[in-house]
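Listed below, chain by chain, are the residues.
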Amino acid sequence: MNTPKNTEQASKPAKKTRGRPLAFNQEQALKNALQVFWQHGYEGTSMAELVEALGINKPSIYATFGNKEALFGQALEKYVAGPAAFVGEAMKEPSAKQVAEKFLTGAVAFFTDQNHPPGCMIVQAALSCGQGSAQIQETLIEYRKRLEENFKLRFDLAKIHGDLPANTNSADLAKYLTTLHQGMSVQASSGASKESLLALVQIALKNWPSD
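Parameters at a glance
- Residues numbered from 1 in each chain as written.
- Predicted model: local features only at pLDDT ≥ 70, side-chain atom pairs only at ≥ 80, totals over all residues.
- Heavy atoms only, no water.
- Helix = DSSP H or I, 4+ residues; strand = E, 2+ residues; numbered from the N terminus.
- Buried < 20%, exposed > 50% of the residue type's maximum accessible area, 1.4 Å probe, protein only.
- Contact = heavy atoms within 4.5 Å.
- Areas by Shrake-Rupley, 256 points an atom, 1.4 Å probe, with all protein chains shown as cover.
- 1 Å grid on protein atoms, 1.4 Å probe; cavity = no way out; pocket = protein on both sides within 12 Å on 5 of 7 lines; lining within 4 Å.
- Points joined across faces, edges and corners; volume = space filled by probe spheres on them.
- Expected span 1.5 Å × (residues − 1).
- Arc of directions from axis to C-beta.
- Polar contact = N/O pair within 3.5 Å; in protein donor to acceptor, adjacent residues only side chain to side chain.
- Salt bridge = Lys/Arg side-chain N within 4 Å of Asp/Glu carboxyl O.
- Phe/Tyr/Trp six-rings, centres within 6.5 Å; stacked < 30°, edge-to-face > 60°.
- Lys NZ or Arg CZ within 6 Å of the ring centre and 35° of its normal.

Novice: A description of the overall build of the protein chain should follow, citing residues and the corresponding values.
Specialist: Check the secondary structure of the protein chain and you find eleven helices and zero strands. Reading the protein chain from its N end, one meets helices and strands in the order α-α-α-α-α-α-α-α-α-α-α. Burial status across the protein chain gives 37% buried among its 211 residues. Long-range contacts, defined here as pairs at least 24 residues apart, represent 67% of the contacts in the protein chain between residues at least 6 apart. Of the roughly 12500 Å² of accessible surface on the protein chain, 51% is carried by carbon and sulfur atoms.

Novice: Give me the side chain of His181: which residues, what numbers.
Specialist: Structurally, His181 is set in helix α10 (residues 170-189). Overall, the relative accessible area of 6% leaves His181 in the buried class. When sequence neighbours within four positions are dropped, the list of residues in contact with His181 reads Phe103, Ala107, Phe111 and Cys120.

Novice: Which residues make up the layout of surface pockets, and what values go with them?
Specialist: Within this model, the largest pocket holds a volume of roughly 360 Å³. Every residue lining the largest pocket is counted, 21 residues in all, and those nearest its centre are Val80, Val87, Ile122, Tyr143 and Leu147. Mapped onto the lining of the largest pocket, the elements with two or more residues apiece are α5 (68-81), α6 (86-90), α7 (96-111), α8 (121-127), α9 (134-160) and α10. Looking at the lining of the largest pocket, the element that brings in the most residues is α9, giving five residues.

Novice: Give me helix α2 (residues 26-40): which residues, what numbers.
Specialist: An α-helix turns once every 3.6 residues. As a result, residues three or four positions apart point the same way. In this model, α2 (15 residues) spans 21 Å end to end at C-alpha, consistent with the 21 Å of a helix rising 1.5 Å per residue. Here α2 has its buried residues at Ala29, Leu30, Ala33, Leu34, Val36, Phe37 and Trp38. Taken together, the buried residues of α2 touch α3 (47-54), α4 (58-65), α5, α7 and α8.

Novice: I'd like a rundown of the environment of Cys120, residues and numbers included.
Specialist: Structurally, Cys120 can be placed in the loop between α7 and α8. Taking C-alpha positions, Cys120 is 8.2 Å from Phe110, a pair spaced ten residues apart along the chain. With near-sequence residues (within four places) excluded, Cys120 lies in contact with Trp38, Tyr79, Phe111, His181 and Ser185.

Novice: Which residues make up the environment of Leu50, and what values go with them?
Specialist: Tracing the backbone shows Leu50 in helix α3. On a C-alpha basis, the gap between Leu50 and Ala33 in space is 6.3 Å, while along the polypeptide they are 17 residues apart. Ignoring sequence-local partners within four residues, the contact set of Leu50 consists of Ala33, Val36, Phe37, Thr45, Gly55, Ile61, Lys68 and Leu71.

Novice: Which residues make up α10, and what values do they have?
Specialist: With 20 residues, α10 should reach 28 Å at 1.5 Å per residue; the first-to-last C-alpha distance of 29 Å fits that figure. Restricting attention to buried positions, one finds in α10 the residues Ser170, Leu173, Ala174, Leu177, Thr178, Leu180, His181, Met184, Ser185 and Ala188. Buried residues in α10, looked at end-on, bunch into an arc of 150°, giving them a common side. One side-chain oxygen of the residue at the start of α10 lies 3.1 Å from the amide nitrogen of Ala171, identifying that residue as Asn169. Note on α10: the residue one or two positions beyond its end, Gly191, has a positive phi of about 100°.

Novice: Pulling in residues and values, what's your account of the pattern of salt bridges?
Specialist: A side chain of one charge can pair with a side chain of the opposite charge when the charged atoms of the two come close. Scanning the entire structure with this criterion turns up five salt bridges. With a shortest N-O distance of 2.2 Å, Lys78 and Glu27 are connected by a salt bridge. With a gap of 51 residues between them, Lys78 in helix α5 and Glu27 in helix α2 connect regions that are remote in the sequence. Between Lys175 and Glu148 there is a salt bridge, with its nearest N and O atoms 3.0 Å apart. With Lys175 in helix α10 and Glu148 in helix α9, this pair connects stretches of sequence that are 27 residues apart.

Novice: Describe the packing of aromatic side chains, and please don't skip the residues or the numbers.
Specialist: Counted according to the given criterion, the structure contains twelve aromatic pairs. Ring centres of Trp38 and Tyr79 lie 5.1 Å apart, and the angle between their planes is 80°; this geometry places the pair in the edge-to-face category. On the criterion of sequence distance, the pair formed by Trp38 in helix α2 and Tyr79 in helix α5 is long-range, its members being 41 residues apart. Its relative accessible area of 1% is what places Tyr79 among the buried residues. On the basis of relative accessible area, Trp38 is assigned to the buried category, the value being 2%. The ring of Tyr42 carries Lys68 above its face, with NZ or CZ at 4.6 Å from the centroid. Taking NZ or CZ as reference, Arg146 lies 4.9 Å from the ring centre of Tyr143, over its face.

Put into structure tokens, the structure is as follows:
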């Protein structure tokens, strides 16, 4: 008795077909990459760690995000637009001192939040960059310069409105604020408590320029 052709074919094991890899959540993968870079810095993060954190293989990482440098750039953009968005909110405060207070207290709360790595991703990544990552370091420096320039412009406006003394050096005040921010980031990464960092903020506010 002859076996029907279709039954015979059905009894054979199915052949694996080549195709696109299983779909993954690209947004979640980028969030995971952000956490790894934040924790270890750019140079301190290996591709093996990224493969494990993202849950996809190296070819899929390259196909989706580009090389390690490109992936870091996307993670950095996500960091600025998301976790570090409190900086932009602080700029909207009505007075220069309120801008500084919201920025610094927000930074302390952010740096010491147990839900993510301590400190500022930009500061931490810049500290760990060597000569082999000159382009990354330059990008991070530009982010910090942009923050400083934004504060300068905000303080220039405060002088026009009489909110700051006319003889205030806006550039120096902006550098002072961003330097304090960077220092607190390093302190937080070394285990400084929220209370100790807030004490520094209060010292800075007590010495805020006034008539």
